[in-house]
Structures are given as C-alpha cells and as structure tokens.
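Summary of the model geometry
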Amino acid sequence: MTEIIRSLADLAGRYDAAFCDLWGCLHNGHAAFPAAVAALRGFRAAGGKVVLLTNSPRPKASVIAQIDAMGVPRDCWDEVATSGDAAQMGLLSGAVGRRVHHIGAPKDETFFTDFAPDLAAFAATQPPITRVPLKEAEGIVCTGLRDDLTETPEDYRAALLLAKTLGLPMLCANPDIVVDMGDKRLYCAGALAEMYEKMGGSTLYFGKPHPPIYDLARRRLTEAGGRPDPQILCIGDGIATDVQGGIAEGLDTLFITGGLEAERFGPDVEAPEAGLLLDWLAGRELSPSYAIGRLR
C-alpha cells in the first residue's frame, strides 16, 4: 500500500540516488519551488545523487540553461537526462529514416544540432539527418506543438491523417500528454503521438515510462560517481510516466500528488486525503511506494 510521507527526509538512508522529474515537482514552468530545491539539497547533503529525469524534448544543455533561468540551483542536482537526449539516439540510429519531417516549435531546433558529449561522438559517425516537407519524408520527428500556447492536437489532424496514409513512423521526443506552465495547461508531443496511434499510425517513444531514458539515466548516474547497483527512488507527478515508468523498471516511486492531479485528493494540496488517493490509484491498478503533496 502507498505510504503518505511528510517530506523526502522521511526516507533518509533508504536510497542512494533519486531520479527526479522537473515540471510539477521542481518548478512550474516559470520558477523553482524553494521547498523542492531544499529537499534535493538535503538528499545530496546526506550522500545521495540526484539525476533530473525529464520528458523535455530538448537536449541536456538546453534544459540546463532553461532551469538555470528559472532559478533551479546547480547544487541540488548531479546530472540531467532528457527524453530529447534518448530520442536523439533513436534519430541518429535511423529509427524513422534519414529524411524526416519535424513537428515542433522553433525553441526545439536544438534537438537536431545540440548533442550531449556522450552522444556527440556517435553523431559524428552517422549519415546526416535531413529535414524535409511531409510528402518527402521517411518519418516524422515530433518534439511538440509549433505553438503550444494557442494550438491543440486537433490543429494537426489533417497532417497526421496524411502521414498515416503515407505510412510514416513517428518518433515522439516527449511522451507527456500535458504539462502545467503556471496556471495554464499545455499540450505536449505525447498528445500528438496519442492521436496518431488512434489513427493507426506507428509511434516510437524514448522518454518516461519507456526503457531508453532509464538506461540513459543509469549511465549518467554512474558517470556522476553513483555507487554500483544503487537503490534508486523515482520522483514525479505523472502517474502514467514517472510512476508507471519507475514501477516497470523495478524501482521505488514517490508520487507528487500536488502536480498534474492536484485537484483530486482533497482541498489541501500539501496533504492528500488517503481515502481519495488510494481509491484513485486502485482504479489505475498502480501503487507507488510513497506519496506526498509537494516535494519538500
């Protein structure tokens, strides 16, 4: 049964490392959460390693620049692993061909040009990837909506129907369906991939809850000085990504109830009501190891 805890410090000494989500856990898209920063600092001070594990379609360097700007201090984490990094490996390997059509915002352009050091050497050995119009493509790379502030997946229905007719596979660089930026809920690449699958299209995923991003996170944890065979805690507010992915990897999970699902568990976001939470989890046949209102 899921245990509701008061703070991350309640788990002191149980875990060598944490794989911590970003949106809804460490920041809200605009600014860092001070209590979450303090919790991760405390975890590191006690000897733990923190890998920020995010379904952002952007490469590691771009995500670091983004969270720097939000005030997430570098002393609360050791490494970063992104869905974009993991998806780049799929792209470079030719998972959806070499001529690809990109669906995504201008801010995601770095996906095609900016490779972390552990991917750059591999990139240099591979044939080039060329971006082309949809009708000339061998596959689609979806990093998100072109304008997530104004668009919805319905704006892409015609293009996705054409892609399905052409038999194009889609590489989804961010499996998240939605994310909260402040008080506004935005659609992510996962929403387009979900629509494409419902049409009968073929979609490849590399972020949470799928194995490639966890393999990458483990490698980077080792490179950051993590101990062999570490006890890892997965932290996140996405029940279908952070929690489901952690459980599938055989890892303990901490569900942040005050993120995407904040309105479900009673009036006090910081103190989820046990009955409401356990009933909701039972309906999804998922049982995270622990739950907490917000990371602190």
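Residues numbered from 1 in each chain as written. Predicted model: local features only at pLDDT ≥ 70, side-chain atom pairs only at ≥ 80, totals over all residues. Heavy atoms only, no water.

With respect to the pattern of salt bridges
As a working rule, side chains carrying opposite charge can pair if their charged atoms are close by. If you walk through the whole model with that rule in mind, you get 21 salt bridges. A salt bridge links Asp68 to Arg74; the nearest nitrogen and oxygen atoms lie 2.6 Å apart. Its relative accessible area of 31% is what places Asp68 among the partly exposed residues. A salt bridge links Glu249 to Arg218; its shortest N-O distance comes to 2.7 Å. Placement of Glu249 in the loop between helix H8 (239–248) and strand E13 (252–256) and of Arg218 in helix H7 (residues 211–223) is noted, with a sequence separation of 31 residues between them. (Salt bridge = Lys/Arg side-chain N within 4 Å of Asp/Glu carboxyl O. Buried < 20%, exposed > 50% of the residue type's maximum accessible area, 1.4 Å probe, protein only. Helix = DSSP H or I, 4+ residues; strand = E, 2+ residues; numbered from the N terminus.)

Points about the packing of helix H3 (residues 83–92) against helix H4 (residues 117–124)
Relative orientation of the contacting elements H3 and H4 amounts to 10 degrees, with a least axis distance of 10 Å. Between H3 and H4, the interaxial angle falls into the category roughly parallel. For the pair formed by H3 and H4, the contact residues are Asp85, Gln88, Met89 and Leu92 on the first element and Leu119, Phe122 and Ala123 on the second. Broken down by class, the residue content of the contact of H3 with H4 amounts to 5 nonpolar, 1 polar and 1 charged. (Axes fitted to C-alpha atoms, helices over the stretch in contact; angles between N-to-C directions. Parallel < 35°, antiparallel > 145°, perpendicular 65-115°, else oblique. Contact = heavy atoms within 4.5 Å. Nonpolar A, V, L, I, M, F, W, Y, C, P; charged D, E, K, R; others polar.)

Here's the deal with the environment of Ile247
Take Ile247: it is sitting in helix H8. Between the C-alpha atoms of Ile247 and Pro209, which are 38 residues apart in sequence, the distance is 9.0 Å. Other than its neighbours up to four places away in sequence, Ile247 contacts Thr253, Leu286, Ser287 and Pro288.

Re the packing of aromatic side chains
Considering all chains together, one arrives at 5 aromatic pairs under this definition. With centroids separated by 6.4 Å and ring planes inclined at 85 degrees, the aromatic side chains of Tyr15 and Tyr290 adopt a geometry described as edge-to-face. Residue Tyr15 is located in the loop between strand E1 (3–4) and strand E2 (17–20), and its partner Tyr290 is located in strand E14 (residues 290–292); the two are separated by 275 residues in the primary sequence. Residue Tyr15 is classed as buried on the basis of its relative accessible area, which comes to 9%. Ring geometry for Phe265 and Trp280: centres 5.3 Å apart, planes at 75 degrees, overall edge-to-face. Taken as a pair, Phe265 in the loop between E13 and helix H9 (274–284) and Trp280 in helix H9 lie far apart in primary sequence, 15 residues in all. Taking the relative accessible area as the measure of exposure, Phe265 reaches 2% and is therefore buried. With a relative accessible area of 10%, Trp280 lands in the buried category. (Phe/Tyr/Trp six-rings, centres within 6.5 Å; stacked < 30°, edge-to-face > 60°.)

Some details on the side chain of Ser83
Mapped onto the secondary structure, Ser83 falls in helix H3. If sequence neighbours within four positions are ignored, Ser83 has contacts with Thr54, Asn55, Ser56, Ala173, Asn174, Pro175, Phe206, Gly207 and Ile213.

Description of the pairing of strand E5 (residues 99–103)
Where burial is concerned, most of E5 is hidden: 4 out of the 5 residues are buried. Direction of pairing for E5 relative to strand E7 (residues 139–142): parallel, over a ladder of 4 bridges. Considered in E7, the bridge of His101 is made with Ile140. (Pairing = 2+ DSSP bridges.)

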